[in-house]
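In case you want the letters, here they are:
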Amino acid sequence: MRTPAAAVAWEFRQRHRWGLVAIVVYLIVLAAIKLVILAHDFPIDFDSAATFAFVFVVPISSYFTYFIAVFTFGLDGDLTARQSMYPARMFTRPVSSAALAWWPMLFGAAVSVILWTATRLLALWPSSIEVPVVWPGFLAVVLLAWAQALTWMPYGLPGVRVIVVMLWLTAIDTIVILAIHFRASEALMIAFLLPQIPLAYLVARYAVARARRGDVPDWSGAFTWFARIAGVSRLRRHFRSAAGAQAWFEWRLSGKSLPVWVAIILPFDLLLFWVAGSSTVLVIELLLGVLFTPIIIATFAAATVSKPSVNVSDSYGLPPFMATRPLTNAQLIAAKLKTTLASTALAWLLIVVAVPIALEWSGEMPLVVERSRRFAQTVGTPRAVVFLVVVVAAFIASTWKQLVQTLYIGLTGRAWLIKGSIFATLTLLFFIGPIAEWIIETRRLGRLWSTLPLIFTLLVCVKMSAAVWIATRLYRNRLLSDRVLVAGAACWCVAVFALYGVLVWMLDTPHIPHYLLMLLAILAIPLARLSAAPLALAWNRHR
């Protein structure tokens, strides 16, 4: 590389090129949709805030979240650690600390501006919404720049970084929402946002220089008096088994990623309740958006779950430090699964605690209570309660499923397979909205419903065939014992029949055949991809 700019650009292009390709494809599809609608008067109507949010706002917000993780190096570091999240391997490059901070910030700002500009020009914006032209691009740059500066800063205590980033970005977001509420002019918004860009760069430059010379403060001494009062011992406990030590290691490695990112992004979602007004439909849509937040974040956090070690950043292979541990492949996978369960539980604990508080403080709680009371009167209180429990359980299970369903891909150690799966996931995430809207608006929903049993049947055949093949390989390679295989199959069957029973009780209508609910239950409970994780780990461990 002849210049620092080329080296940093190669860093992002090489490691995240599939994500960048996915956004280019998405923007091309946006342009194609707009040309088709304008040229042929295609019967698709985006003239509603709900439809536009589903088709465009949610994908763009997801992509911006992905960009924050990429350009802050959040996919490689530990948000809760004291050390800087800036990769230490880049400190050895023969460039100044100013260049190390400048070029990632410049590339991140350029991508954010391009994303907003292309979306503003190519998307079909609802005529009832007055969309600004310039200042949202500045807002994206400011939020990303401050996220970079604050995550690259070393801190004196574990977890302080999360609190600082969350409070500072929430403060900026609150000011912007108040400005929107009071209809601030675009010139005023630019005047507020523009000076923050050089200020964030100065903070980032200071943070990188401090981390580069190994200056990591230690504030733990200020809290020794509290430890003495509480009777906390500084001696680390011994682990009872190698499996317990591995579970602790997995939690330190990837367990905190999902709850930390949820804690950072959740305030931005909850602040929208203050501008929702008295629209019950908008409040319900915002509430659903909050519930989908952990699932979307888990899609990106899944990459850290299959990461073998904190020191393996450029290669997806399994290092000798992990491969030679006195643990079987099944025990290594079990440690990861325990970590994902704890991570999902902690993330949803934040949701369960924060959402009622936000609804109460924003004054939207009576609207939600009233809509819930109407629903209970319509279907009956028992069904309403079960429906609420099933919906919340489905969101929690979907979050955990997003963390573990690609575990087998990451454990293969094949970079092309891992990056290709990320590209496919992002593409599916952003195209599902326009496809669903096209199906609804072109009145093809009835045809899709009639072919749904055939589609589900084919998917079940593929899933069960893959599960049988994987179980055979697990048995022949002695990766799992007979007892584990039988117990796992029994637990899966119990989960399927339990879900089927709940669906039959809730959807007891002649319009939905029971065999379709059984097919849905079979597809909903993970089996094949989760069972393939020990095979993938064995393939990576002994190659």
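All figures in this text were calculated on a predicted structure; none of them were measured in a lab.

**Student:** Go over the packing of helix 15 (residues 381-404) against helix 19 (residues 482-506), please, and point to the residues and values.
**Tutor:** Where helix 15 contacts helix 19, the two axes come as close as 11 Å, and the packing angle between them is 140°. Accordingly, the angle class assigned to the pair helix 15 and helix 19 is oblique. Helix-helix and strand crossings are classified by hand; for helix 15 and helix 19 the assignment is left-handed. Between helix 15 and helix 19, the residues in contact are Pro 382, Arg 383, Val 386, Phe 387 and Val 390 and Val 502, Trp 505 and Met 506, respectively. Along the lines of polarity and charge, the residues of the contact of helix 15 with helix 19 split into seven nonpolar, no polar and one charged.

**Student:** Lay out the nonpolar core with the relevant residues and their values.
**Tutor:** Counting residues in each nonpolar core, the largest one holds 93 residues, and the members touching the most others are Tyr 86, Trp 146, Trp 152, Leu 258, Leu 270, Phe 273 and Ile 351. Setting aside chain neighbours within four positions, we find Tyr 86 in contact with Phe 73, Phe 91, Leu 100, Ala 101, Pro 104, Trp 152 and Val 208. Core analysis: the next-biggest nonpolar cluster, separate from the first, contains 24 residues, Leu 474, Val 496, Ala 521 and Ala 538 among them.

**Student:** How would you sum up a nonpolar patch on the surface? Please name residues and give values.
**Tutor:** Residues Trp 274, Leu 346, Leu 349, Val 353, Ile 357 and Trp 361 make up a contiguous nonpolar surface patch of roughly 630 Å² in combined accessible area. You can see Trp 274 is positioned in the loop between helix 10 (257-270) and helix 11 (280-305).

**Student:** So what's going on with the packing of helix 13 (residues 329-362) against helix 15? Residues and values would help.
**Tutor:** The N-to-C vectors of helix 13 and helix 15 enclose an angle of 140°; their axes lie 10 Å apart at closest approach. Judged by the inter-axis angle, helix 13 sits oblique to helix 15. Remark: the crossing between helix 13 and helix 15 carries right-handed chirality. Where helix 13 abuts helix 15, its residues Leu 337, Thr 340, Leu 341, Thr 344 and Trp 348 lie against Phe 395, Ile 396, Thr 399, Trp 400, Leu 403 and Val 404. Residues belonging to the contact of helix 13 with helix 15 are distributed by class as follows: eight nonpolar, three polar and no charged.

**Student:** Before we move on, can you summarise the packing of aromatic side chains with the specific residues and values?
**Tutor:** Summed over the entire model, instances satisfying the criterion amount to 13 aromatic pairs. Taken together, a centroid distance of 4.8 Å and an interplanar angle of 50° make the contact between Phe 12 and Phe 71 tilted. Of this pair, Phe 12 sits in helix 1 (residues 4-40) while Phe 71 sits in helix 2 (residues 49-71), placing them 59 residues apart in sequence. Like Phe 71, Phe 12 is buried. Residue Phe 12 is classed as buried on the basis of its relative accessible area of 6%. Seen from the ring of Tyr 475, Arg 478 lies directly overhead, with NZ or CZ sitting 5.1 Å from the centre.

**Student:** I'd like a rundown of the environment of Trp 261, residues and numbers included.
**Tutor:** Following the sequence through the fold, Trp 261 ends up in helix 10. Sequence spacing of Trp 261 and Ala 347 is 86 residues, and the spatial spacing of their C-alpha atoms is 8.8 Å.

**Student:** Could you give me a rundown of the environment of Leu 100, with the residues and numbers involved?
**Tutor:** Here Leu 100 is to be found in helix 3 (residues 97-122). Here the alpha-carbon distance between Leu 100 and Val 8, two residues 92 residues apart in the chain, equals 8.3 Å. Every residue in contact with Leu 100, bar those within four places of it in the chain, is listed here: Tyr 86, Met 90, Phe 91, Val 95, Val 208 and Arg 212.

What counts and how
All residue numbers refer to position in the chain's written sequence, counted from 1. Side-chain atom pairs in this predicted model are given and counted only at pLDDT of 80 or more, local residue features only at pLDDT of at least 70, and totals for whole chains, interfaces and linings cover all residues. The side-chain numbers reported here are obtained from all heavy atoms of the structure, hydrogens and water having been left aside. Axis geometry follows a simple rule: fit a line to the C-alpha atoms, using only the stretch in contact for helices, then measure angles between N-to-C directions, giving values from 0 to 180 degrees. Secondary structure elements are taken from DSSP: a helix is a run of H or I of four residues or more, a strand is a run of E of two residues or more, and numbering for both begins at the N terminus. Any angle between 65 and 115 degrees counts as roughly perpendicular, while under 35 counts as roughly parallel, over 145 as roughly antiparallel, and the rest as oblique. Crossing handedness follows the turn of the near helix against the far one: under a right angle anticlockwise gives a left-handed crossing, and clockwise gives a right-handed one. Two residues qualify as a contact provided that any one of their heavy atoms is within 4.5 Å of a heavy atom in the partner residue. Charged residues are taken to be Asp, Glu, Lys and Arg, nonpolar residues to be Ala, Val, Leu, Ile, Met, Phe, Trp, Tyr, Cys and Pro, and polar residues to be all remaining types, Gly included. We define a nonpolar core as any set of buried Ala, Val, Leu, Ile, Met, Phe, Trp, Tyr and Cys residues linked to one another through side-chain atoms lying within 4.5 Å. Three labels apply to residues, based on accessible area from a 1.4 Å probe with only protein chains included: buried if under 20% of the type maximum, exposed if over 50%, partly exposed otherwise in between. A residue counts toward a patch only above 30% relative accessible area and without a salt bridge, and it is joined to like-charged neighbours within 9 Å or, for Val, Leu, Ile, Met, Phe, Trp and Tyr, to nonpolar neighbours within 5 Å. Areas reported as accessible are Shrake-Rupley estimates using a 1.4 Å probe. Residue values count occlusion only from the protein chains shown. A pair is scored as a salt bridge if a Lys or Arg side-chain nitrogen falls within 4 Å of a carboxyl oxygen belonging to Asp or Glu. Under the pairing criterion, centres of Phe, Tyr and Trp rings, with the six-membered ring standing for Trp, must be within 6.5 Å; the plane angle then separates stacked pairs below 30 degrees from edge-to-face pairs above 60, leaving the rest tilted. Here, a charge over a ring is recorded when the distance from Lys NZ or Arg CZ to the ring centre is within 6 Å and its angle to the ring normal is within 35 degrees.

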